[in-house]
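Listed here are the chains, written in short residue letters.
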Amino acid sequence: MVAVGPPIDVVSQEVEALHATVRKQFGNDPEPWVANMDGHPIDVVQATGLPQLACTALYLGKCKDHKIAPTPSRRQRFADVLLRSCQGPCLKLEEAGIAKECAKGVAIALLLSDSFHFAELAKNHIGDQGAASIAQVLPLSRTLVYLDVSANDIGPTGAKALFEGLAQNQSVVSLAYASLPGLHRNTLGPSGSEPVGRLLRCNPVLTKLVLTSTSIGEGIVHLAEGLAHNTTLLELHLGNNDLGARGFAALGPVVPKTSLEHLDLRDNRGSDQGVVALLETWKEHPGMPLQVLFLGGNDLSWVAVRQVCYFMEVSQLLRDVKLDRNVINPERMPVAFSKGICDCQALRRLVLGSCSLRVGFIADLCELLPRLQLQHLDLSGNPIDDPTAQILGRQLRTCTTLKSLDLATCRLTDQGGIDVADGLLENRTLEFVSLRDNNLHVASGQRLAEALDTNMVLLKMPLDLNAIEFKNLVAIKKALDRNRANRRAQLPNQLRNRIEDLKDKQAQVGKLAQEREANATAMQTARARKELAEECYHRTADEHSKLVDAAAADLDQVRGSKMRAEAEIATLKQEIKDLQSHWTRRERQYAIQHDELSNAIAKLQRNLTKREEELKEFEQDGKIEMNKLLMVKEQKARSLEATRSLLAKAERTYDLWQNGKFSSSALGTALPPVPTAKKTEKEAAAPKKGGKKKKTPR
């Protein structure tokens, strides 16, 4: 959701309440604030735009913070400080001793004055309470654009209040909440990262966020979640936050979805694993808007740098890469590295300082310099021997893009310095060359002085920590001063020439626009006359000849129009030809698909006919079987009727026997004859056992 500020009536009520609180705490201050500048009194309120109430609140708050009594002399000195620090749109109070009470005065100044767009409050002691005071007025501010509260001893509590206030702000586009070398470091920690994630999720205007050295650690997960929903942030600084490999892996899939152009991840112990996870999905997004990538001091080896090179091959906008303070030590330059820096057409700055580069690697890089579009190259802290320095000097003569070259602490010998000086003798683009902390002696110093006699471009050359003679140093300094003076003298002429060039181009644009309008008018006239000529063509010969004479004057203009029309017709013909070839291919594809479908349909029809024949055979077999079953059924029915009639006769016979009317004649009529088996001769001859005849059961 997009955060919106409070309504105007709510703002006015809060302002009135704040006025009442300030008057109650500090009282009314009728004495004007007058500063002294060169002996002339100047009204601070009119000169700076600070309200009287804000000046008083700042002064009395600072007195309370330092536990000192307000005096007229201190008030006068503070008025002078305000006059120097608060001129124009900038409220510049860096290293001004601001603590929690004075921070209330800063909040009042931001609330009551619409003239301040920049608030630079770094290197103070605002703390959590002071940050909370400033955070209260952030939702009400409509003009503040830049806020810097770096190195103010603000902890997670103050950070939470600050980021929650910014979440409702609609004007601040840049926030610096970093820790600087020295005291009063800001801390964020994992717990303070959640408000940052919410800020990134809902703030629609923030474009720059600096969180360097704030101990984010594992809280990067919350920041990545908010970053995934942000589309406005362009610059993100997360250096020295101990993110580790897990933090890099959390940022990897999120960055391609954002609008980030500048990403600083220096000194985070990312390791090879973290950088590989970070860049794993970046190669699939060659159109990423990322332009600046800092990965220095992350304990990287060639394994991770190779992934950076792969990303450089596909990146279209990457222009600044810093890989300093890592260990990149192949014996020679790998193909992936040379291909990456050559294919990255936008690359303008490459920093490889203190990377333990081998001399063979540096020699290969120097050989590539004329082919690259580099403007800044940093090789400091890497050893360069005499043969490599000779290659470097030879390539500097033909390099036409390099403007800055850092060779500090490269163990250059006197001969190496001579070779570099020979390269500078013919170079006309280098403006900065650092040769500090090398082994340069008399000969190289003299050759550098001779080279600078003719080199009118070089502006700065640090040579400290070398053994160069003083007279040569003086000569070099004079030559550099001469070049800087010439540059300052030429600057107005260059600007004038640039202005004149722009004016000429603007005039040419106007002329071209007029010519375009005239050509359009002429084309319309020519078309009208051509139509008239075509109409008159059908008239009599005399009228036709007269009109031809009148149209001859416009023939040249018509010819130009015809040539353009022919070019358009040729283009259209080519497009028609392409379309015809395209549709021919499509027709072939459709014919192949049609044949395949026809074959499939024929196959299905054959299968269907076969199934129908099988079904008919099955029906015929079923009818035959049904007839057989019906015949069997009829036979069974006749057998059943015969059995029933036989049973009825048996019952009648039994009834006769029960009634004593049984006779053999009745039996013969009642029962059918029973077949008896014939006895064999042995059975007939065998004597009967037992005296009594056994009764045969019925």
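Residues numbered from 1 in each chain as written. Predicted model: local features only at pLDDT ≥ 70, side-chain atom pairs only at ≥ 80, totals over all residues. Heavy atoms only, no water.

Enquirer: Can you help me understand the overall build of the chain in this one?
Expert: When helices and strands are tallied, the chain shows 22 helices and 15 strands. Within the chain, the proportion of its 698 residues that are buried is 39%. Residue pairs in contact within the chain that sit at least 24 positions apart in sequence constitute 84% of those at least 6 positions apart. Counting every atom, the chain has about 40500 Å² of accessible surface; 55% of that belongs to carbon and sulfur. (Helix = DSSP H or I, 4+ residues; strand = E, 2+ residues; numbered from the N terminus. Buried < 20%, exposed > 50% of the residue type's maximum accessible area, 1.4 Å probe, protein only. Contact = heavy atoms within 4.5 Å. Areas by Shrake-Rupley, 256 points an atom, 1.4 Å probe, with all protein chains shown as cover.)

Enquirer: Teacher, can you tell me more about the pairing of strand β1 (residues 34-37) here?
Expert: Looking along a regular strand, one sees side chains alternate from face to face of the sheet. Here four bridges tie β1 to strand β2 (residues 40-43), and the two strands are oriented antiparallel to one another. Bridging from a neighbouring strand, M37 pairs with H40 of β2. Counting the residues between successive antiparallel strands, the hairpin from β1 to β2 contains two residues, one of them, D38, with a positive phi of roughly 55°. (Pairing = 2+ DSSP bridges.)

Enquirer: In this structure, what is going on with the packing of aromatic side chains? I would like to understand it.
Expert: What describes a pair of aromatic rings is the distance from one ring centre to the other and the angle between the planes of the rings. Counting across every chain of the model gives nine aromatic pairs. A ring pair is formed by W282 and F311, whose centres lie 5.4 Å apart and whose planes are at 65°; its orientation type is edge-to-face. Of this pair, W282 sits in the loop between α11 (271-279) and β10 (292-294) while F311 sits in helix α12 (residues 302-314); the two residues are 29 residues apart in sequence, bridging distant segments of the chain. Both residues of the pair, W282 and F311, belong to the buried class. Linked through ring pairs, W33, Y59 and F78 together constitute an aromatic cluster. The ring of F294 has K322 lying over it, and the distance from NZ or CZ to the ring centre is 4.4 Å. (Phe/Tyr/Trp six-rings, centres within 6.5 Å; stacked < 30°, edge-to-face > 60°. Lys NZ or Arg CZ within 6 Å of the ring centre and 35° of its normal.)

Enquirer: Looking at this model, I keep getting lost on the pattern of salt bridges. Mind explaining?
Expert: If charged atoms from side chains of opposite charge come close, those side chains can pair. Counting across every chain of the model gives 23 salt bridges. Salt-bridge contacts for R349 lead to D320; the nearest nitrogen and oxygen are separated by 3.3 Å. With R349 in strand β12 (residues 349-351) and D320 in strand β11 (residues 320-322), the pair connects residues that are 29 residues apart, well separated along the chain. Since its relative accessible area comes to 8%, D320 is described here as buried. (Salt bridge = Lys/Arg side-chain N within 4 Å of Asp/Glu carboxyl O.)

Enquirer: Is there a simple way to explain the environment of I68 in this structure?
Expert: Structurally, the position occupied by I68 is in the loop between α3 (52-66) and α4 (72-85). Residue I68 is classed as partly exposed on the basis of its relative accessible area, which comes to 37%. In this structure I68 touches C63 and R74, once residues within four positions along its chain are discounted.

Enquirer: Looking at this structure, I do not really get helix α16 (residues 414-426). What am I missing?
Expert: Every α-helical turn comprises 3.6 residues, leaving residues that sit three or four positions apart pointing alike. The buried count for α16 comes to ten of 13 residues, which makes it a mostly enclosed element. Along α16, the positions that sit buried rather than exposed are D414, G416, G417, I418, D419, V420, A421, D422, G423 and L424. Residues of α16 that are buried in the fold lie against α15 (386-398), β15 (432-434) and α17 (442-454).

Enquirer: What am I meant to see in the packing of α15 against α16 here?
Expert: When two helices pack together, their arrangement is given by the angle between the helix axes and by the axis-to-axis distance. Two elements in contact, α15 and α16, have axes separated by 7 Å at closest approach and are oriented at 5°. Relative to α16, the element α15 is oriented roughly parallel. Seen from α15, the contacting residues are D386, A389, Q390, L392, G393, L396 and R397; seen from α16, they are Q415, G416, D419, V420, D422, G423 and E426. Across the contact of α15 with α16, the residue classes tally to four nonpolar, five polar and five charged. (Axes fitted to C-alpha atoms, helices over the stretch in contact; angles between N-to-C directions. Parallel < 35°, antiparallel > 145°, perpendicular 65-115°, else oblique. Nonpolar A, V, L, I, M, F, W, Y, C, P; charged D, E, K, R; others polar.)

Enquirer: Help me understand unusual backbone geometry, please; the structure alone is not making it clear to me.
Expert: Glycine aside, a negative phi is what most residues show, and trans is what most peptide bonds show. Positive phi values are uncommon outside glycine, yet T409 reaches one of about 55°. Positive phi, close to 60°, is recorded for D437, a residue that is not glycine. With respect to the helices, strands and loops of the structure, D437 is situated in the loop between β15 and α17.

Enquirer: I would appreciate a short explanation of a negative patch on the surface in the present structure.
Expert: A surface patch of negative charge is lined by E612, E613, E614, E617, D621 and E625. Position of E617 relative to the elements: it lies in helix α20 (residues 555-659). (Patch = residues over 30% accessible without salt bridge, like charges linked within 9 Å, V, L, I, M, F, W, Y side chains within 5 Å. Lys, Arg positive; Asp, Glu negative; His and termini not counted. Charge placed at Lys NZ, Arg CZ, Asp CG, Glu CD.)

Enquirer: Explain a nonpolar patch on the surface here, please?
Expert: Together, L491, L495 and I499 make up an exposed nonpolar region whose accessible area comes to about 260 Å². Here L491 is to be found in helix α18 (residues 470-537).

Enquirer: In this structure, what is going on with the side chain of D414? I would like to understand it.
Expert: With respect to the helices and strands, D414 occurs in helix α16. Although D414 is buried, it makes no salt bridge; R447 carries the closest opposite charge, 9.4 Å away.

Enquirer: Can you walk me through the environment of K123 in this structure?
Expert: When you line up the elements, K123 lands in the loop between β4 (118-120) and α6 (127-137). Once the C-alpha coordinates of K123 and A96 are considered, the two residues, 27 residues apart in sequence, prove to be 7.9 Å apart.

Enquirer: For this particular structure, what's the right way to read the confidence of the model for the chain?
Expert: Interpreting fine coordinate detail is not advised for predicted regions of low pLDDT. Overall, the prediction assigns the chain a mean pLDDT of 86, with 89% of residues at 70 or greater. Note on residues 1-12: pLDDT is under 50 here. Beyond four places in sequence and across chains, it has 19 contacts. Contacts from residues 673-698, a stretch scored under 50 in pLDDT, to residues over four places away or in other chains number two contacts. (pLDDT = per-residue confidence, 0-100.)

Enquirer: What exactly am I supposed to notice about empty space enclosed by the protein here?
Expert: Once rolled over the atoms, a probe with the size of a water molecule shows which space is left empty. The full count for this structure, using the stated rule, is one cavity of 30 Å³ or more. Of the voids in this model, the largest cavity is the one considered here, and its volume is about 60 Å³. Lining the largest cavity, in full, are L58, K62, F78, V81, L82, L93, A96, I98 and C102. For the lining of the largest cavity, the secondary-structure elements that each account for two or more residues are α3 and α4. In terms of residue count, the dominant contributor to the lining of the largest cavity is α4 (three residues). (1 Å grid on protein atoms, 1.4 Å probe; cavity = no way out; pocket = protein on both sides within 12 Å on 5 of 7 lines; lining within 4 Å. Points joined across faces, edges and corners; volume = space filled by probe spheres on them.)

Enquirer: Can you help me understand the state of the cysteines in this one?
Expert: Should the sulfur atoms of two cysteines be covalently bonded, the bond is a disulfide. If you walk through the whole model with that rule in mind, you get zero disulfides. Sulfur of C63: no disulfide; nearest cysteine sulfur belongs to C102 and is 9.2 Å away. (Disulfide = S-S within 2.5 Å.)

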